[in-house]
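What follows is each chain in one-letter form.
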Amino acid sequence: MTRTLKTLAATAALATSLAVGACSSNDTTSGHQMPGDSMTAMGSAPATPSGAASAASAHNQADITFASSMVPHHQQAIEMADLALRQATSADVKKLATQIKAAQDPEIATMTGWLTSWGAAPMPSGDHDMDGMSMDGMMSAEEMSALEKASGSAFDRMWLQLMIKHHEGAVTMARTQLSQGQSGDAKELAQAVIDGQTKEIATMTELLKTSL
């Protein structure tokens, strides 16, 4: 009788243990397969819209022409601005030179970045016309040399005259970009060039009439 009771008790304990283990296993498996959990995981990593990267880099040859020629054009403007900061006697001329550097330095960095992403490069500064890419308004080596040698009010006047010509060339290039380019970013920069440099042309023209 005692042996029978012990056997029954052992059998009951084993059955209970198996039942608890089965319940635990079912709960764990169920937890990994909850529909809500699956949806949450999917929602936490949305797919990138197809074509977004290609749209951001969309450009044409006109965009490349604009950026590759405008970089050395801006670089020469900064060279001229540096000359004014060293040699100008007019405070207004020095103020304009500072303004030009502040505007065109970051634009050079921006356009250089575009060219790198497009697999292109700026036009060499010595080539004012290469494969149909023209840099309107660029100073010749002779003009730059004459400006470097000038001093006093003669320097101020020459600098204004040459910078007006330089700005007019940039505006022409920017207008071509607006009409022929594809890149929205490049067109936005072209419009900024037109707006900013047109105002500076007006300021320099007025200075030539009234101050120098």
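Attention in this report is confined to the structure presented alongside it. What you see is a predicted model; the values in this text were computed from it and never measured.

Structural notes on the overall build of the protein
On a plain count of helices and strands, the protein comes out with eight helices and two strands. The N-to-C order of helical and strand elements in the protein reads α-α-α-α-α-β-β-α-α-α. A burial count over the protein gives 33% of its 212 residues as buried. Considering only residue pairs separated by 6 or more positions, the protein has 77% of its internal contacts joining residues 24 or more positions apart. Of the roughly 12100 Å² of accessible surface on the protein, 57% is carried by carbon and sulfur atoms.

A look at helix H5 (residues 91-117)
Taking 1.5 Å of rise per residue, 27 residues should cover 39 Å, and H5 covers 40 Å from first to last C-alpha, within 8% of that figure. Buried within H5 are the following residues: Val93, Leu96, Ala97, Ile100, Gln104, Glu107, Ile108, Met111, Trp114 and Leu115. As for H5, its buried residues are in contact with helix H4 (61-87), helix H7 (152-180) and helix H8 (184-210). The distance from a side-chain oxygen at the start of H5 to the backbone nitrogen of Asp92 is 3.2 Å, and the residue carrying that oxygen is Ser90. Positive phi appears at Gly119, one or two residues downstream of H5, with a value of about 70 degrees.

Focus: the nonpolar core
Residues Phe66, Met80, Met111, Phe155, Trp159 and Leu160 are the most contacted members of the largest nonpolar core, which totals 44 residues. Looking at this core, the elements with two or more residues in it are H4, H5, helix H6 (141-149), H7 and H8. The element best represented in this core is H4, accounting for 11 residues. Leaving out residues up to four positions away in the same chain, Met111 has contacts with Phe66, Ala67, Met70, Val71, His74 and Leu189.

Quick look at the environment of Ser211
Of note, Ser211 is situated in the segment after H8. Residue Ser211 is classed as partly exposed on the basis of its relative accessible area, which comes to 45%. Separated by 121 residues in sequence, Ser211 and Ser90 place their C-alpha atoms 8.9 Å apart.

A word on the pattern of salt bridges
Going through the model one piece at a time under the given rule, you end up with two salt bridges. Measuring nitrogen to oxygen at the nearest pair gives 2.7 Å for the salt bridge that ties Lys101 to Asp82. Here Lys101, found in helix H5, pairs with Asp82, found in helix H4; they are 19 residues apart in sequence, far enough to count as distant. Accessibility expressed as a relative area gives 24% for Asp82, which makes it partly exposed. In this structure, Glu143 engages Lys165 in a salt bridge whose closest nitrogen and oxygen atoms are separated by 3.2 Å. Note that Glu143 is positioned in helix H6 and Lys165 in helix H7, a separation of 22 residues in sequence. Residue Lys165 is classed as partly exposed on the basis of its relative accessible area of 35%.

Quick look at the packing of H7 against H8
As a packed pair, H7 and H8 sit with axes 8 Å apart at the nearest point and diverge in direction by 155 degrees. It follows from the interaxial angle that H7 and H8 lie roughly antiparallel. When the axes of H7 and H8 are compared, the crossing they make is left-handed. When its residues are assigned to classes, the contact of H7 with H8 shows 16 nonpolar, seven polar and five charged.

About the thresholds
Residues numbered from 1 in each chain as written. Predicted model: local features only at pLDDT ≥ 70, side-chain atom pairs only at ≥ 80, totals over all residues. Heavy atoms only, no water. Helix = DSSP H or I, 4+ residues; strand = E, 2+ residues; numbered from the N terminus. Buried < 20%, exposed > 50% of the residue type's maximum accessible area, 1.4 Å probe, protein only. Contact = heavy atoms within 4.5 Å. Areas by Shrake-Rupley, 256 points an atom, 1.4 Å probe, with all protein chains shown as cover. Expected span 1.5 Å × (residues − 1). Polar contact = N/O pair within 3.5 Å; in protein donor to acceptor, adjacent residues only side chain to side chain. Core = buried A, V, L, I, M, F, W, Y, C linked by side-chain atoms within 4.5 Å. Salt bridge = Lys/Arg side-chain N within 4 Å of Asp/Glu carboxyl O. Axes fitted to C-alpha atoms, helices over the stretch in contact; angles between N-to-C directions. Parallel < 35°, antiparallel > 145°, perpendicular 65-115°, else oblique. Left-handed = near helix turned anticlockwise from the far one by under 90°. Nonpolar A, V, L, I, M, F, W, Y, C, P; charged D, E, K, R; others polar.

From the geometry alone we can't say anything about function, so treat these as descriptive.
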